[in-house]
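Observations on the three-dimensional arrangement
Residues per chain, in single letters:
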Amino acid sequence: MKPNSKPYLSMRTGLIGELIVQKVAVQYVDFCFRTCTGHPADLILDHQGKLYRVQVKTRHKSDKNNKVQYCFDFACRSKNERHTTYPIEIYAFCYMPSGVVEFKASNTMNYTNYITDGTHLDEDTERESLQKALDDLNLSPELNVSDYI
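Residues numbered from 1 in each chain as written. Predicted model: local features only at pLDDT ≥ 70, side-chain atom pairs only at ≥ 80, totals over all residues. Heavy atoms only, no water.

Focus: the sheet that holds strand 5 (residues 90–96)
For the record, the criterion: Pairing between two strands is assigned when DSSP locates at least 2 bridges connecting them. Numbering of helices and strands starts at the N terminus; helices are DSSP runs of H or I of at least 4 residues and strands are runs of E of at least 2. Between N-to-C directions, angles cover 0 to 180 degrees, with each direction set by a line fitted to C-alpha atoms, over the stretch in contact for helices. Note on contacts: a residue pair is in contact if any heavy atoms of the two residues lie within 4.5 Å.
Taken together, the five strands give an open sheet; going across it, the order is 1-2-3-5-6, and neighbouring strands pair in mixed fashion. Lying at the two open borders of the sheet, with one neighbouring strand each, are strand 1 (31–34) and strand 6 (100–105). The average undirected angle you get between the axes of adjacent strands in this sheet is 25°. Pairing of strand 2 (residues 43–47) with strand 3 (residues 50–60), which is carried by five bridges, proceeds in the antiparallel orientation. Within strand 3, the position partnered with His47 by the bridge is Lys50. Running at roughly 10° to strand 6, helix 3 (residues 125–138) makes contact with strand 2, strand 3, strand 5 and strand 6 of the sheet.

Quick look at the structure:
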């Protein structure tokens, strides 16, 4: 494969994104490690005795509309059905070239694309979005007393 071919650049960009997300995550969780190549999850977070599988999505802003689009199309991995059915708890969106990371719980996402211009990102985005993702994953349903009386 040529060094400047698109698959090589995609793999390198993805690896850089995974390393950036890992660097951010280890500041806030008990432990974070990368999985092996080809594993459906890119990272595993260990926090307060629970494990969370993380899928990292890394993209650059578009030259056309100054937005970032993250696709959840697994067609490129159609040879391995495990990638389409493997449960991911957290998505980590890495904005390049700034390297800012935004976390989202997978149970709050019901779409196939995430498009943003990144204007909501600030210095607290990483910490706040990771906390929100963990909160969203660990919330217990609230009982409505009036339904049971």
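Some points on the pairing of strand 2
For clarity, the threshold we go by: Burial status follows relative accessibility: with a 1.4 Å probe on protein chains alone, a residue under 20% of its type maximum counts as buried, one over 50% as exposed, and anything between as partly exposed.
In terms of burial, strand 2 is a largely internal element, four of the five residues being buried. In sequence, strand 2 turns back onto strand 3 through a hairpin of two residues, with Gln48 there showing a positive phi of about 50°.

Observations regarding the pairing of strand 6
Where strand 5 meets strand 6, six bridges bridge the pair, whose relative direction is antiparallel. Opposite Ala92, over in strand 6, you have Phe103 as the bridge partner. Between the antiparallel neighbours strand 5 and strand 6 lie three residues, among them Gly99 with a positive phi of about 80°.

A short note on the environment of Tyr95
Heads up, the condition is: Throughout this description, a polar contact denotes any pair of N or O atoms lying within 3.5 Å of each other; where both atoms belong to protein, one of them has to be capable of donating a hydrogen while the other can accept it, and for residues adjacent in sequence the pair is counted only when both atoms sit in side chains.
Position of Tyr95 relative to the elements: it lies in strand 5. Relative accessible area serves as the criterion here: at 3%, Tyr95 is assigned to the buried category. Each C-alpha atom, one on Tyr95 and one on Thr58, is 6.2 Å from the other, the two residues being 37 residues apart in sequence. Engagement of the side chain of Tyr95 in a polar contact is seen with the side chain of Glu102, the distance being 2.5 Å.

Points about the pattern of salt bridges
The following threshold applies: Throughout this description, the term salt bridge denotes a Lys or Arg side-chain nitrogen within 4 Å of a carboxyl oxygen of Asp or Glu.
Throughout the structure, instances matching the rule amount to six salt bridges. Taking the shortest distance from any N to any O, the salt bridge between Glu89 and Arg53 comes out at 2.3 Å. Here Glu89 is found in the loop between helix 2 (82–85) and strand 5, whereas its partner Arg53 is found in strand 3, with 36 residues between them in sequence. The exposure class of Arg53 is partly exposed, given its relative accessible area of 25%. When the shortest N-O distance is used, the salt bridge between Glu128 and Arg127 registers 4.0 Å. Owing to a relative accessible area of 43%, Glu128 belongs among the partly exposed residues under this scheme. Each of Asp124, Arg127 and Glu128 takes part in a single network of salt bridges with overlapping partners.

What to know about the packing of aromatic side chains
For clarity, the threshold we go by: The criterion for an aromatic pair is that two Phe, Tyr or Trp rings (for Trp, the six-membered ring) have centres within 6.5 Å, with stacked assigned to planes under 30 degrees apart, edge-to-face to planes over 60 apart and tilted to the rest. Either the NZ atom of lysine or the CZ atom of arginine qualifies as a charge over a ring when it sits within 6 Å of the ring centre and within 35 degrees of the ring normal.
This model, assessed by the stated rule, comprises two aromatic pairs. Between the aromatic rings of Phe31 and Phe33, the centroid separation amounts to 5.9 Å while the plane-to-plane angle is 40°, which identifies the pairing as tilted. The exposure class of Phe31 is partly exposed, given its relative accessible area of 48%. For Phe33, a relative accessible area of 34% gives the class partly exposed. Measuring from ring centre to ring centre gives 6.3 Å for Tyr91 and Phe93, while their planes differ by 20°; the resulting arrangement is stacked. In terms of burial, Tyr91 and Phe93 fall into one category: buried. Geometry around Tyr86 places Arg53 over its ring, the cationic atom sitting 5.4 Å from the centre.

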